[in-house]
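# A closer look at the structure
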Amino acid sequence: MGKVSVSSVDVELELEPLEDKGNLHSEAKINVLLPFGPFAIALHYLTGKHGWVFFFSLLGIAPLAERLGYATEQLACYTGPTVGGLLNATFGNATEMIISLYALKHGMIRVVQQSLLGSILSNMLLVLGCAFFCGGVIRYNEDQKFKKATAVVNSGLLLMAVMGIMFPAVLRFTRSEVHTGKSELALSRFSSCIMLVAYASYLVFQLKSHRNLYNPIGEEGDDDVVDPNEDAPEITQSEAIGWLAVLTIWVSLLSGYLVDAIQGASDSLNMPVAFISVILLPIVGNAAEHASAIMFAMKDKLDITLGVAIGSSTQISMFVIPFCVVIGWMMGTEMDLNFQLFETATLFITVLVVAFMLQEGTANYFKGLMLILCYLIVAASFFVHVDPTNSDD
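In this text the structure is predicted, and so the values were computed from the model without any measurement.

## Remarks on the nonpolar core
Ranked by size, the top nonpolar core spans 94 residues in total, and within it F54, L128, F132 and L358 carry the most contacts. If sequence neighbours within four positions are ignored, L128 has contacts with N123, T305, L306, A309, I310, V354, L358 and L371.

Written as structure tokens, this is what we have:
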């Protein structure tokens, strides 16, 4: 009788994850967009119409970004919330990094700069704003709370990134370079190396010396201990790693066709390249972060939401952008930190706005609404902004 009862319990335990897994996959309706990726590649070779290739490439990348987020969340079940948040930000940024490296290889420096800038703006204003708004609507009469200490650390890193990006632009604008053109590039490469050192130090701070600081509110002890009350992983650790590898390769392939079609799409759709690079590309690339941040905010897990949204912005500004400068240096491409004054001013004001929103350690639907409205102003600004052909203009 004892053996029978144990086996029946095992059967009951095994049925629940399978049932949840089916529900999860049935809810992932964005997967119907997967065929648009191969369709975009076919259009590239059959018609050469860049507008349609760009549009269908965007549609094809969106479900891949969502699946990257899902596989990362499954892997995070085995690593704990802190490492999981870092993995979520890293693989959530895989789309932007792949697009940037492909564009950098083809000398499209402005596309790299603007797409990475747009990803920062999208995460800090749109993703975080939607998360605050949705979580605040569910808890209409109360504020949600998160740890101020972690928000302050990330705000400081973002301000340091603004410093590194601002000085080369100011140096060019004031025409105060010792060697015109060369001083700006040398400063950018030096600052990039410093920013990479700062980000490496931040990882040690987050994962080793002050790891308890990043435990969600109400949780104490080792953050690597798996909470039995949390949702059980639906796939194994090796399967999650395998899917991450396959999805990253497929995103890399599709990103090439997307970048090739940007200029043609700008001409055919009568949209500025800056608007496409800063607004449209990041919205698709941040699909995984967008869904994850809103989901955690609705579950009142704002510390994880900040780890996804603000952590992603911190990673792009302090790691991906300097990394692209260093890679461009190795490739012989003069990628620098001069994002031009319009883009630099936009980033600076955005970081200040978000830093003020986070300083109290609370969130509500009104703060979320303000962040979303700020993003609409930014989007409208880039829609009427024409990127100067000469950086001296």
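Anyway, onward from the coordinates.
## Digging into helix α3 (residues 50–76)
Taking 1.5 Å of rise per residue, the 27 residues of α3 would be expected to cover 39 Å, and the 38 Å separating its terminal C-alpha atoms lies within 8% of that figure. Most of α3 is tucked away, with 22 of its 27 residues classed as buried.

## Notes on the packing of helix α7 (residues 148–173) against helix α8 (residues 182–209)
Direction vectors running N to C along α7 and α8 enclose 175°, while the axes themselves pass 9 Å from each other. Accordingly, the angle class assigned to the pair α7 and α8 is roughly antiparallel. Along the contact surface, α7 presents V153, N154, L157, M160, A161, G164, F167, P168, L171 and R172, while α8 presents S183, E184, L187, S188, I194, M195, A198, Y202 and F205. Classifying every residue of the contact of α7 with α8 gives 13 nonpolar, four polar and two charged.

## Let's talk about the packing of aromatic side chains
Applying the stated criterion across every chain, the model contains twelve aromatic pairs. Summarising the aromatic geometry, the rings of F39 and F56 are spaced 5.0 Å apart at their centres and angled 75° between planes, so their arrangement reads as edge-to-face. Here the residue F39 occupies a position in helix α2 (residues 36–46), and F56 occupies one in helix α3, the gap between them amounting to 17 residues. A residue is classified by how much of its surface remains accessible, and F39, at 40% relative accessible area, is partly exposed. Geometrically, the ring pair formed by F275 and F383 is edge-to-face, given 5.1 Å between the ring centres and 85° between the ring planes. With F275 in helix α11 (residues 273–285) and F383 in helix α15 (residues 365–383), this pair connects stretches of sequence that are 108 residues apart. When its relative accessible area of 11% is taken as the criterion, F275 is described as buried. Classification of F383 as partly exposed rests on a relative accessible area of 41%.

## Some points on the confidence of the model for the protein chain
Overall, the prediction assigns the protein chain a mean pLDDT of 79, with 82% of residues at 70 or greater. Within the protein chain, helix α1 (residues 2–27) has the poorest average pLDDT of any element, 40, and α15 the best, 93. Here residues 1–27 is modelled with pLDDT under 50, and outside its nearest four sequence neighbours on either side it reaches eight contacts, counting other chains as well. Segment residues 220–229: pLDDT under 50, and 13 contacts once partners within four positions in sequence are set aside and those in other chains are kept.

Parameters and conventions
Residues numbered from 1 in each chain as written. Predicted model: local features only at pLDDT ≥ 70, side-chain atom pairs only at ≥ 80, totals over all residues. Heavy atoms only, no water. Core = buried A, V, L, I, M, F, W, Y, C linked by side-chain atoms within 4.5 Å. Buried < 20%, exposed > 50% of the residue type's maximum accessible area, 1.4 Å probe, protein only. Contact = heavy atoms within 4.5 Å. Helix = DSSP H or I, 4+ residues; strand = E, 2+ residues; numbered from the N terminus. Expected span 1.5 Å × (residues − 1). Axes fitted to C-alpha atoms, helices over the stretch in contact; angles between N-to-C directions. Parallel < 35°, antiparallel > 145°, perpendicular 65-115°, else oblique. Nonpolar A, V, L, I, M, F, W, Y, C, P; charged D, E, K, R; others polar. Phe/Tyr/Trp six-rings, centres within 6.5 Å; stacked < 30°, edge-to-face > 60°. pLDDT = per-residue confidence, 0-100.

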